[in-house]
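Working through the structure, step by step
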Amino acid sequence: MSMDLHHLREWVGREQVAEQTLEPFSAAALSGLLDRAAPPAAGEALPLPWHWLYFLETPARAATGVDGHPQRGGFLPPVPLPRRMWAAGSLQCETPLRLGAPARKTSTVRSVDLKEGRSGPLVFVTVDHVLAQDGRVCIREEQNIVYREAPIGPAPLPAGEKATRAAQWSAVLKPDPALLFRFSALTYNGHRIHYDRDYAVREEFYPALVVHGPLLATALLDLLERARPGAPVRAFSFRALRPAFDTDTLQLCAAAEGDMVELWTQDAQGQVGMVARATLG
Ligand SMILES: CC(C)(COP(=O)(O)OP(=O)(O)OC[C@H]1O[C@@H](n2cnc3c(N)ncnc32)[C@H](O)[C@@H]1OP(=O)(O)O)[C@@H](O)C(=O)NCCC(=O)NCCSC(=O)C[C@](C)(O)C(=O)O
């Protein structure tokens, strides 16, 4: 594989600004998807990290790559590795965004790094996002996207780790294609690994449809909000260690020590998928 890291790093510092009213429809739709009793109303706080439903890109069909994502080389660097995943992220919430009001998102490419993983070469692209309302910063976010080589056949999943901690709170998440489809639709994510089983299995050699990283992070924060209603989350970080699939039955888990909460997902074998940490305050 030839990788011109120097060229890719020309994207560092690129900035993109978007403005939008946070329409209640998307929040109501996600609220339904999470089986919540009532959606937040206009004027109320938008739960974390529901801002992922807003500021969506609207690429032309002609500018869509074979994986269903916008072709690279626009705002994001044209990494020549085909398999994209959302690897990790962190959020700092200074004050919640208000639903129904205009907001502004400023995104900046912070870094492009090449690493040698156990699964092969990995290119990490880190993007910083700042979400503001009425001129005041509400949320600072770091998003870590990873690009991987095309496999030549089914490869073992990353080893991950076994859950060692007992959950204080837990809930079952049984993903199915309808859940993944609705989340893709809500985030206007055309990535075929989440809804096109033939593509996911035959082209990217996953065993089944891949559960979105942001859906797992959203479900973990939903578990926390139900466990500790009214306790604001000041910071949240997550890392997807091992992909989850629509054929899995997942356990969403959380355990608190004071204001620090460890969260994770595990599959039926107790293998951890996503690990996360929240700070309440
Ligand atoms: C990324 C994979 C392949 C690396 O697995 P590996 O075994 O090759 O890596 P490793 O050997 O464990 O680690 C190599 C280096 O990478 C780092 N690293 C390793 N993992 C991570 C991570 N998650 N986040 C940040 N850094 C990571 C790790 O710390 C190390 O760095 P170092 O050399 O400096 O020590 C593996 O961790 C994996 O498969 N994770 C699951 C990813 C996943 O399921 N994401 C959600 C689904 S994709 C998605 O939602 C998409 C969406 C929404 O459509 C969309 O396009 O945005």
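For the structure, see preceding data.
An account of the accompanying structure is given in this report. All figures in this text were calculated on a predicted structure; none of them were measured in a lab.

So, how was this worked out
Sequence positions are assigned chain by chain, starting from 1 and proceeding in written order. A pLDDT threshold of at least 70 governs which residues receive local features in this predicted model, and a stricter bar of 80 or more applies before side-chain atom pairs are shown or counted, although totals over entire chains, interfaces and linings include all residues. Hydrogens and water are ignored here; the side-chain numbers use all heavy atoms of the structure. A run of H or I in DSSP counts as a helix once it spans at least four residues, and a run of E counts as a strand once it spans at least two, with each numbered from the N terminus. The globule rule is 2.2 Å times the number of residues to the power 0.38, and the radius of gyration it is compared with is taken over C-alpha atoms. For the exposure calls, accessible area comes from a 1.4 Å probe over protein chains only, and a residue counts as buried if that area is under 20% of its type's maximum, exposed if over 50%, partly exposed in between. Residues grouped as a nonpolar core are buried Ala, Val, Leu, Ile, Met, Phe, Trp, Tyr and Cys residues, joined through side-chain atoms within 4.5 Å. The criterion used for residue contact is that any of the two residues' heavy atoms lie within 4.5 Å. The rule for a disulfide is simple: a pair of cysteine sulfur atoms within 2.5 Å. The rule for pairing is simple: two strands pair if DSSP sees at least two bridges between them. Orientation is described by axes fitted as lines to C-alpha atoms, over the contacting stretch for helices, and by angles from 0 to 180 degrees between their N-to-C directions. In this tally, Lys and Arg are treated as positive and Asp and Glu as negative; His is ignored, and so are the chain termini. When a carboxyl oxygen of Asp or Glu is within 4 Å of a side-chain nitrogen of Lys or Arg, the pair counts as a salt bridge. Here a residue counts as near a molecule or strand whenever at least one of its heavy atoms sits within 4 Å of it. Any N or O atom pair separated by 3.5 Å or less is treated as a polar contact, with the protein-specific requirement of one donor-capable and one acceptor-capable atom, and with residues adjacent in sequence counted only for side-chain atom pairs. All accessible areas in this document rest on Shrake-Rupley with a 1.4 Å probe, and a residue is counted as covered only by the protein chains that are shown. Between the first and last residue of a helix there are one fewer steps than residues, each counted as 1.5 Å, and that sum is the expected span.

On a plain count of helices and strands, the protein comes out with five helices and 10 strands. Scaling as 2.2 N^0.38, a compact globule of 281 residues should have a C-alpha radius of gyration of about 19 Å, and the protein matches this with 18 Å. Projected onto its principal axes, the C-alpha coordinates of the protein cover approximately 50 × 45 × 30 Å. By residue count, 48% of the 281 residues in the protein fall in the buried class.

Quick look at the nonpolar core now. Ranked by size, the top nonpolar core spans 51 residues in total, and within it Phe236 and Leu263 carry the most contacts. The element that contributes the greatest number of residues to this core is helix α5 (residues 213–227), accounting for eight residues. Excluding residues that lie within four positions of it along the chain, Phe236 makes contacts with Gly89, Ser90, Leu91, Ala217, Leu221, Leu263, Ala276, Arg277 and Ala278. Counting 14 residues, the second-largest nonpolar core is a separate cluster that includes Leu8, Leu76, Val112 and Val127.

Summed over the entire model, instances satisfying the criterion amount to zero disulfides. Summary of cysteine pairing: Cys93 is not part of a disulfide, and the nearest cysteine sulfur, belonging to Cys138, is at 7.4 Å. When its relative accessible area of 10% is taken as the criterion, Cys93 is described as buried.

Another point: the sheet that holds strand β1 (residues 15–21). Strands sit in the order β1-β3-β4-β5-β2-β7-β10-β9-β8-β6 across an open sheet of 10 strands; the sheet is antiparallel. Only two strands of the sheet have a single neighbouring strand rather than two, namely β1 and β6 (169–173). Neighbour to neighbour, the strand axes of the sheet diverge by 20° on average, direction disregarded.

What follows deals with the side chain of Arg148. Within the secondary structure layout, Arg148 lies in strand β5 (residues 136–148). Put simply, Arg148 is tucked away with no salt bridge, and the nearest opposite charge, on Glu204, sits 7.0 Å away. With near-sequence residues (within four places) excluded, Arg148 lies in contact with Leu81, Pro82, Arg83, Met85, Ser119, Pro121, Leu122 and Tyr206.

On to unusual backbone geometry, then. Following Leu48, the chain continues to Pro49 via a peptide bond in cis, the omega torsion being 0°. With respect to the helices and strands, the residue Pro49 is situated in the loop between α2 (24–33) and β2 (83–93). Positive phi, close to 55°, is recorded for Asp35, a residue that is not glycine. Within the secondary structure, Asp35 sits in the loop between α2 and β2. At Tyr188, a position not held by glycine, the phi torsion is positive, near 45°. With respect to the element layout, Tyr188 can be found in the loop between α3 (177–186) and α4 (197–203).

What follows covers the pattern of salt bridges. A complete count under the given rule lists 14 salt bridges for this structure. Of the charged contacts in the structure, one is a salt bridge between Glu19 and Arg104, with a shortest N-O distance of 2.4 Å. Of this pair, Glu19 sits in strand β1 while Arg104 sits in strand β3 (residues 102–117), and the two are 85 residues apart along the sequence. On the accessibility criterion, Arg104 (38% relative accessible area) is partly exposed. Arg36 is the salt-bridge partner of Glu225, the closest N and O atoms lying 3.5 Å from each other. Taken together, the residues Glu225 in helix α5 and Arg36 in the loop between α2 and β2 connect sequence positions 189 residues apart. Here the residues in one salt-bridge network are Arg36, Asp222, Glu225 and Arg226, joined through shared partners.

Turning next to the site of the ligand. Close to the ligand lie 28 residues, the nearest being His69, Arg84, Arg118, Ser119 and His194. In the environment of the ligand, a nitrogen atom lies 3.0 Å from a nitrogen or oxygen atom belonging to the backbone of Trp86. At a separation of 2.8 Å, an oxygen atom of the ligand approaches a polar side-chain atom of His191. Protein chains shield 83% of the accessible area of the ligand, which is 1100 Å² for the free molecule. When contributions to the shell around the ligand are tallied by element, the ones reaching two or more residues are β2, β3, β4 (120–133), β5, α5 and β7 (233–240). Top contributing element to the shell around the ligand by residue count: β2, with five residues.

Since the α-helix turns once every 3.6 residues, residues separated by three or four places project in the same direction. A rise of 1.5 Å per residue sets the reference length of α5, with its 15 residues, at 21 Å; its end C-alpha atoms lie 21 Å apart and thus fit the reference within 8%. Counting buried positions over the 15 residues of α5 gives 12, a clear majority of the element. Where α5 is concerned, the buried positions are Gly213, Pro214, Leu215, Leu216, Ala217, Thr218, Ala219, Leu220, Leu221, Asp222, Leu223 and Leu224.

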